[in-house]
Amino acid sequence: MVQDAVREVLEAIYEQDFLACSYGFRPGHSAHDAVRTLKRIVDRGEVRWILEADIVSFFDSLDRTELKKMLEVRVADGSLLRLIGKCLHVGVLDGEEMVEPELGTAQGSVLSPLLGNVYVHYGLDLWFETEVKPRLQGKATLIRYCDDFIIGFEREDDARRVQAVLDKRMGRYGLTLHPDKTRLVPFWCPPQVQQQGQGPATFDFLGLTLYWRRTRTGHWRMGCKTRRASLRRAKKALYDWCRRHRHQPVEAQHAALGRRLRGHFNYFGVSGNFPSLLRLVEATKRAWYKWLCRRSQRKRLNWERFTDLLRQMPLPRPRITVRIWGV
């Protein structure tokens, strides 16, 4: 309750300071808004190169001394600063042992996302907007969702210059970029005469894979699909749920599976991602059938009876819930 009250106070202070490139854990902003912004700048031809970045253990690596200096820029109330300091030093229960880490913010705290936004606001956003962009030859756009961010560049030389200094900038604030997941990829639109094949590269952002696809009219457009690892985790989670709850009443299983699938559709049901949603539904059917068959050794369920069951209690149909194009 105390941390939630502190969050409301800090939110009122920093919402007017956060830049338009920040989308994570902010009122009126979402991950889908970040993807929409990327779509708009790609369509305008302002992006030919994407710098994809990944910060290692972001919330565990925040330097509390640096964070305190950042907060003092806008927060003059000493009692509030001391209260935030106490929130940062809250211990974490690891099994039966209480651990008080010296770095980072408490995992699961309602205050952590906002403090993370403040940290990256000063460490990355302001630096990029005020120091980096004025020195570039072409256009560049930063899109950030808390600690997950990409930078789109019009020119390759600009992209490589920023890539060369970005790791040092993060290191100044105790952060480390993952060497394998931080990369520069070409992402220009394929020529219209190219009738087959794919775009120059793909990249992952916010659980989605962004790639070039051909529309029904023959034009190249940026497409979205569920990231392979995200889809694999979703399939495994539903498979494990079916295994653990196979002895529950069928009606209860059906209701729970429906809630889980609809929750997945609410985030991943973006324009153009219908095939990935369909694959998840089909995988769920197979997993449910397998574990219903193992409820009893005396009377096994065959596929024909399972099909009749699905007619009576159908799983949710895949549907697009989030419009990315044309917004």
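Keep in mind the model is a prediction, meaning the values are calculated, not measured. Per chain, the residues get numbers from 1 upward, laid out in the order the sequence is written. Local features are withheld for residues below a pLDDT of 70 in this predicted model, meaning they are given only at 70 or higher, and side-chain atom pairs are given and counted only at 80 or more; totals for whole chains, interfaces and linings count all residues. With hydrogens and water set aside, each side-chain value is computed from the structure's full complement of heavy atoms.

J.: Explain the sheet that holds strand S9 (residues 220-226) to me, please; I cannot follow it from the model alone.
T.: Strands in a sheet are paired, the pairing made by backbone hydrogen bonds, and the direction either parallel or antiparallel. Pairing between two strands requires that DSSP report at least two bridges joining them. Here a strand is any run of E in DSSP of at least two residues, a helix any run of H or I of at least four, and the numbering for each starts at the N terminus. Judged by pairing direction, the sheet is antiparallel, and its 3 strands sit side by side in the order S7-S8-S9 without closing on themselves. Strands with a single pairing partner mark the edges of an open sheet, and in this sheet they are strand S7 (203-205) and S9. Going across the sheet, the axis of each strand differs from the next one's by a mean of 40°, ignoring polarity. Two elements, S7 and strand S8 (residues 208-214), share 3 bridges in a ladder whose sense is antiparallel. From the neighbouring strand, Phe205 faces S8, where its bridge partner is Leu208. Axes, fitted as lines to C-alpha atoms, cover a helix only where it is in contact. Angles between the N-to-C directions of the axes lie from 0 to 180 degrees.

J.: Before we go on, may I ask you to explain the sheet that holds strand S4 (residues 140-145) in this structure?
T.: Reading across from one edge, S4-S5-S1-S6 is the order of the 4 strands in this open sheet, with antiparallel pairing throughout. The outermost strands of the open sheet, each flanked by one partner alone, are S4 and strand S6 (183-186). Across the sheet, the axes of successive neighbouring strands diverge by a mean angle of 20°, strand direction being ignored. As paired strands, S4 and strand S5 (residues 148-153) are joined by 6 bridges and run antiparallel to one another. Directly across from Ala140, in S5, lies its bridge partner Phe153.

J.: Is there a simple way to explain helix H5 (residues 78-88) in this structure?
T.: Owing to its 3.6 residues per turn, the α-helix brings residues three or four apart onto one side. The buried label applies to any residue whose accessible area, calculated with a 1.4 Å probe on protein chains only, is under 20% of its type's maximum; exposed applies above 50%, and partly exposed to all values in between. Among all positions in H5, only Leu80, Leu81, Ile84, Cys87 and Leu88 are buried. Down the axis of H5, the buried side of the element spans an arc of 115°, and every buried residue falls inside it. The exposed residues of H5 that point more than 90 degrees off its buried face are Arg82 and Lys86. For H5, the secondary structure elements touched by its buried residues are helix H1 (2-14), helix H4 (64-74) and helix H6 (112-132). Read the arc as the range of directions from the helix axis to the C-beta atoms. Here, residues are in contact when the closest pair of their heavy atoms is within 4.5 Å.

J.: Help me out: how do you make sense of the pattern of salt bridges in this one?
T.: Should the charged atoms of two oppositely charged side chains come close, the side chains can pair. Here, a salt bridge means any side-chain nitrogen of Lys or Arg that lies within 4 Å of a carboxyl oxygen of Asp or Glu. All told, the structure shown has 19 salt bridges when counted by the stated rule. With a shortest N-O distance of 2.4 Å, Arg74 and Asp17 are connected by a salt bridge. Taken together, the positions of Arg74 in helix H4 and Asp17 in the loop between H1 and helix H2 (31-43) put the pair 57 residues apart, joining distant regions of the chain. Two residues, Lys285 and Glu282, come together in a salt bridge whose shortest N-O distance is 3.5 Å. One end of the pair is Lys285 and the other is Glu282, both in helix H10 (residues 274-293) and 3 residues apart, which spans about a single turn. Judged by relative accessible area, which is 23%, Lys285 ranks as partly exposed. Here Glu282 falls in the partly exposed class, since its relative accessible area comes to 32%. Salt bridges linked by common partners bring Asp4, Arg7 and Glu11 together as one network.

J.: Is there a simple way to think about the packing of H6 against helix H7 (residues 156-172) in this case?
T.: Helix-helix packing: each pair is described by the crossing angle between the helix axes and the interaxial distance. Between H6 and H7, whose axes approach to 11 Å, the crossing angle comes to 140°. One finds that H6 runs oblique with respect to H7. The handedness of the crossing between H6 and H7 is right-handed. Seen from H6, the contacting residues are Tyr122, Gly123, Leu124, Trp127 and Val132; seen from H7, they are Val162, Val165, Leu166, Arg169 and Met170. Side-chain classes are defined by residue name, with Ala, Val, Leu, Ile, Met, Phe, Trp, Tyr, Cys and Pro counting as nonpolar, Asp, Glu, Lys and Arg as charged, and the others, Gly among them, as polar. Residues belonging to the contact of H6 with H7 are distributed by class as follows: 8 nonpolar, 1 polar and 1 charged. Here the word oblique covers every angle except those under 35 degrees (roughly parallel), over 145 (roughly antiparallel) and from 65 to 115 (roughly perpendicular). In this scheme the crossing of two helices becomes right-handed for a clockwise turn of the near helix relative to the far one and left-handed for an anticlockwise turn of less than a right angle.

J.: Help me out: how do you make sense of the packing of aromatic side chains in this one?
T.: Ring geometry is summarised as follows: Phe, Tyr and Trp rings, the Trp one being its six-membered ring, pair when their centres sit within 6.5 Å, and such pairs are stacked at plane angles under 30 degrees, edge-to-face over 60 and tilted between the two. Enumeration according to the criterion identifies 13 aromatic pairs in this entry. Centroid distance Phe58 to Phe59: 5.0 Å. Interplanar angle 70°. Geometry classified as edge-to-face. Considered together, Phe58 and Phe59 belong to a single accessibility category, that of buried residues. Measuring from centroid to centroid gives 4.9 Å for Tyr289 and Trp303, while their planes differ by 80°, and the two rings are edge-to-face. You can see Tyr289 sitting in helix H10 and its partner Trp303 sitting in helix H11 (residues 303-312), a full 14 residues away along the chain. Judged by relative accessible area, which is 44%, Trp303 ranks as partly exposed. Taken together, the ring pairs connect Trp288, Tyr289, Trp303 and Phe306 into an aromatic cluster. Note on criteria: charge over ring means Lys NZ or Arg CZ within 6 Å of the ring centre, with the direction from the centre no more than 35 degrees off the ring normal. When the ring centre of Trp49 is taken as reference, the NZ or CZ atom of Arg160 above it lies at 5.9 Å.

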